[in-house]
Structures are given as C-alpha cells and as structure tokens.
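Structural features, examined
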Amino acid sequence: MSQADTLAVAAGKRTSSPLWTLGLFRSELTTTLRRWRTLALLGVLAAVPVLIGIAVRIETSDGGQAGGGSGQGPAFITQITNNGLFLVFAALAATLPVFLPMAIGVVAGDAIAGEANAGTLRYLLVAPAGRTRLLLAKYATACAFCLVATLVVAASALAVGALLFPLGDVTTISGTRISFGDGLLRAGLIAVVVAASLTGIAALGLFVSTLTGSGIAAMATTVGLLITVQILDTIPQLNGIHPYLFPHYWLSFADLLREPVYWDEVLKNLGLQGVYAAVFGSAAWARFTTKDVTA
C-alpha cells in the first residue's frame with residue numbers, strides 16, 4: 001500500500017471516529033466562546049437582570065409596588081420584592097422575545113458564512129471534517145450556546161435576586177406554595193426549556209449562513225427574519241398562522257410554575273422547535289453539501 005493510500009485510510013478512520021466528532025465540536029465551541037463578540041453578547045445578557053433588579057429595588061424602596069400596579073411588563077416583576085427567585089423568571093421573560101434570540105441569531109448566522117468570509121472554510125473541510133460532520137458540529141455549537149446564554153441570564157438574575165431581595169418559599173401561578181429548593185429546580189427546568197425554545201432560530205440562522213459568504217449579511221438576515229416573525233405573531237388578523245411561528249409558544253415556560261405543571265403548550269413549543277430544527281437543518285445540509293466552497 002502506498003503512502004497516499006495509507007494516509008487516505010487513516011483520514012477515513014479519523015473522520016469516522018466519534019472522538020474526532022467530539023473533538024471537532026469541542027474546538028468549535030471553544031472558538032465561539034472565546035470570541036470577543038460572543039463575550040460581549042453574554043455580557044449584555046448578564047446585564048439585563050442587573051438592570052431589572054436595580055430598577056425594581058429603586059421603585060419599591062419607598063414601599064411602592066413594582067411596575068406601579070399598572071400590570072405592564074413581565075408578570076413576574078410584581079413578585080420580585082417578595083422573593084428574589086422571581087427575578088430569574090422575570091429576566092428570562094424579558095430577554096426571550098428579543099435579546100436571547102438576537103444573540104443566537106448572531107452566533108448561528110456567522111457559523112458558516114463567517115468561516116467562508118474569513119477564508120477558513122475550505123481548510124476546515126480539508127481537515128478532514130466532512131461537510132455533514134462540520135455542519136452538525138456547527139449546529140451543536142449553536143445549541144450549546146443557546147444553553148450557555150440562557151444559563152448566564154438565569155445565574156445573573158439569581159445572584160442579583162439573592163443580593164437585593166429576600167429568598168424563600170415560592171408562590172406558584174396556581175396560588176399554592178412550594179419550597180425554595182423546589183422553586184430552584186423549577187427555575188433550572190425553565191432555563192433548559194427556554195434554551196430548547198431557541199433551537200428553531202438556531203437552525204434558521206444556520207440555514208441562512210449557508211446561503212451567503214458574508215457573515216454580517218447572514219447575521220443581519222437572521223435577525224431581520226426574527227423581527228419580522230415577531231411582528232407577524234402580534235397581528236390579530238394573522239392568528240391562523242400564529243401557532244406555526246417559532247416564537248408563538250416561547251413564553252409558555254410560565255406554565256412550569258403552575259401546580260400541577262401544565263404541559264400542553266410547553267410540549268407544543270418543544271415540538272414546534274423540533275420541526276423548525278428538522279426543516280431548516282435539512283435545508284442547511286442540502287445547501288452546504290452542494291455548495292462550492294472554492295469559489
């Protein structure tokens with residue numbers, strides 16, 4: 001066997017190795033989390049609960065009610081002064097419609113297009129990573145970032161809530177009381193559900209990223225689509241299509257604070273995100289596996 005044949009066999013074995021796939025994912029995730037842009041996004045997300053906590057603290061310092069009793073803003077804000085754990089729920093409710101999905105859109109939109117724009121995509125494919133394996137690693141990285149970003153918001157909110165407000169038993173939406181430990185477990189479950197809610201926009205961003213060689217264009221298009229869909233979801237005349245729009249059930253995580261837990265809309269949300277991930281993930285694969293990366 002020639003040296004070229006030996007190298008080809010070794011490359012094939014390396015490409016098919018699960019450890020090689022895990023190593024590729026670890027490399028992609030590490031690279032993503034080390035970028036200054038990513039750190040800046042996480043910093044902004046961490047600052048949102050701080051601002052909410054300080055605003056509520058100042059507003060209630062004279063004995064007034066958070067939100068002024070007008071009913072505006074996230075429903076959890078009025079409960080923050082009684083229990084700092086509610087800052088976690090309020091922060092997730094405040095960041096989920098805009099801040100979190102925009103951050104995911106930036107990371108997912110830049111996944112392939114950013115590599116193409118920097119001229120590193122062809123070298124990644126020579127590694128040998130394989131197009132399918134590389135695309136899966138990119139999507140897994142985007143999904144991991146969904147979880148990291150959500151946990152950053154939740155952890156920041158928990159720290160600020162514990163610092164500025166009392167902690168204790170949690171009064172659920174149903175009016176029953178659960179222990180602080182149970183409430184903390186609910187908060188963790190809600191964070192995971194919120195992260196899963198973002199996997200649809202991550203797949204959409206990845207698909208857009210395969211359509212262009214400009215990272216900025218891909219990020220802008222993904223964020224633009226997000227805003228457009230959010231607007232469509234607020235138009236009453238289009239209520240027939242609302243259940244099929246990926247943000248429609250995002251705030252259903254509040255049902256996890258009921259006793260007993262109301263799962264219907266939570267499961268609808270997770271199922272809808274799975275459909276978007278499958279459809280746009282398949283579209284991204286079809287596009288990327290036929291794309292000329294040497295052009």
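Keep in mind it's a predicted model, so treat the numbers as computed, not measured. Residue positions are given per chain, counted from 1 along the sequence in the order it is written. Reporting of local features is limited, given that this is a predicted model, to residues whose pLDDT is at least 70; pairs of side-chain atoms are given and counted only at 80 or more, and all residues count toward the totals for whole chains, interfaces and linings. Hydrogens and water molecules were not included; the side-chain quantities draw on all heavy atoms of the structure.

**Some thoughts on the overall build of the protein**
Counting secondary structure elements, the protein contains 11 helices and two strands. By the criteria applied, helices consist of DSSP H or I runs no shorter than four residues and strands consist of E runs no shorter than two, each listed in order from the N terminus. Listed by position from the N terminus, the elements making up the protein come as α-α-α-α-α-α-α-β-β-α-α-α-α. Residues counted as buried form 42% of the 295 residues belonging to the protein. Using a 1.4 Å probe, the Shrake-Rupley method yields the accessible areas, and only the shown protein chains count as cover for residues. A total accessible area of about 14,000 Å² is found for the protein, and carbon and sulfur atoms account for 66% of it. Remark: exposure states derive from per-residue accessible area (1.4 Å probe, protein chains only) relative to the maximum for the residue type, with buried under 20%, exposed over 50%, and partly exposed in between.

**Some remarks on the packing of helix α9 (residues 199-209) against helix α10 (residues 215-232)**
Axes here mean lines fitted to C-alpha atoms, for a helix over just the part in contact, with angles spanning 0 to 180 degrees between N-to-C directions. At a closest axis distance of 9 Å, the pairing of α9 and α10 adopts a crossing angle of 140°. By the angle between their directions, the pair α9 and α10 is classed as oblique. The interaxial crossing formed by α9 with α10 has right-handed handedness. Of α10, the residues touching α9 (which contributes Ile 201, Leu 204, Gly 205, Val 208 and Ser 209) are Ala 218, Thr 221, Thr 222, Leu 225 and Leu 226. Side-chain classes follow a simple rule in which Ala, Val, Leu, Ile, Met, Phe, Trp, Tyr, Cys and Pro form the nonpolar group, Asp, Glu, Lys and Arg form the charged group, and the remainder, Gly included, forms the polar group. Taken together, the residues that form the contact of α9 with α10 break down as six nonpolar, four polar and no charged. An angle below 35 degrees is read as roughly parallel, one above 145 as roughly antiparallel, one from 65 to 115 as roughly perpendicular, and any other as oblique. In this scheme the crossing of two helices becomes right-handed for a clockwise turn of the near helix relative to the far one and left-handed for an anticlockwise turn of less than a right angle. Whether two residues are in contact is decided by their heavy atoms, any of which lying within 4.5 Å being enough.

**A word on the packing of aromatic side chains**
Pairing of aromatic rings covers Phe, Tyr and Trp, the last counted by its six-membered ring, and requires centre-to-centre distances within 6.5 Å; plane angles under 30 degrees mean stacked, over 60 mean edge-to-face, and any other angle means tilted. Taken as a whole and judged by the stated rule, the model has five aromatic pairs. Ring plane angle 85° and centroid distance 5.5 Å describe the contact between Phe 86 and Phe 89, whose orientation is recorded as edge-to-face. In this pair, Phe 86 and Phe 89 both sit in helix α4 (residues 86-95), three residues apart, roughly one turn of the helix. Accessibility assignment for this pair places Phe 86 and Phe 89 in one class, buried. Note on Tyr 276 and Phe 280: the rings are 5.9 Å apart at their centroids and 20° apart in plane angle, and the pair reads as stacked. One end of the pair, Tyr 276, and the other, Phe 280, are both in helix α11 (residues 264-290), four residues apart, so they sit about a helical turn from each other.

**What to know about unusual backbone geometry**
Looking along the chain, the bond that leaves Glu 259 and enters Pro 260 is cis, with omega of 0°. In this fold, Pro 260 is placed in the loop between α10 and α11.

**Points about the side chain of Asn 269**
Checked against the element boundaries, Asn 269 lands in helix α11. The exposure class assigned to Asn 269 is buried, which follows from its relative accessible area of 0%. The residues touching Asn 269, leaving out its near neighbours within four places in the chain, are Ser 197, Phe 246, Tyr 249, Trp 250 and Ser 252.

**What about the confidence of the model for the protein?**
Averaged over the protein, the pLDDT score is 83; the fraction of residues at 70 or greater is 81%. Helix α8 (residues 180-197) holds the highest mean pLDDT among the elements of the protein, 94, whereas helix α1 (residues 3-16) holds the lowest, 41. Across the chain, each position has a pLDDT score giving the predictor's confidence in that residue, from 0 to 100. Predicted confidence is poor over residues 1-16, with pLDDT under 50, and the contacts of this stretch with residues over four places away or in other chains come to 11 contacts. Taken together, the stretch residues 68-73 has pLDDT below 50 and engages in one contact with residues farther than four places along the chain or on a different chain.

**Some details on the pattern of salt bridges**
Salt-bridge detection follows one rule: a side-chain nitrogen of Lys or Arg within 4 Å of a carboxyl oxygen of Asp or Glu. A full pass over the atoms with the stated rule returns four salt bridges. A salt bridge links Glu 259 to Arg 186; the shortest N-O distance between them is 2.4 Å. Residue Glu 259 is located in the loop between α10 and α11, and its partner Arg 186 is located in helix α8; the two are separated by 73 residues in the primary sequence. The partly exposed category is assigned to Glu 259, whose relative accessible area is 36%. Given a relative accessible area of 9%, Arg 186 falls into the buried group. Asp 255 is the salt-bridge partner of Arg 258, the closest N and O atoms lying 2.8 Å from each other. Judged by relative accessible area, which is 30%, Arg 258 ranks as partly exposed. The class of Asp 255 is buried, set by a relative accessible area of 8%. In this structure, a network of salt bridges that share partners links the residues Asp 182, Arg 186 and Glu 259.

**Quick look at a nonpolar patch on the surface**
Patches were defined on residues exceeding 30% relative accessible area and lacking a salt bridge, with like-charge contacts within 9 Å and nonpolar side-chain contacts (Val, Leu, Ile, Met, Phe, Trp, Tyr) within 5 Å. On the surface, Val 44, Val 98, Phe 99 and Met 102 cluster together to form a nonpolar patch covering roughly 310 Å² of accessible area. Residue position: Met 102 is located in helix α5 (residues 99-118). The exposure class assigned to Met 102 is partly exposed, which follows from its relative accessible area of 32%.

**As for the packing of helix α3 (residues 36-59) against helix α7 (residues 131-164)**
Close contact between α3 and α7 brings their axes to 9 Å; oriented N to C, the two are set at 30°. Here α3 lies roughly parallel to α7, going by the angle between them. Crossing handedness for the pair α3 and α7: right-handed. The residues of α7 that touch α3, namely those facing Thr 38, Leu 42, Leu 45, Ala 46, Pro 49, Val 50, Gly 53, Ile 54 and Arg 57, are Phe 145, Val 148, Ala 149, Val 152, Val 153, Ser 156, Ala 157, Val 160 and Leu 164. Split into classes, the residues belonging to the contact of α3 with α7 amount to 14 nonpolar, three polar and one charged.

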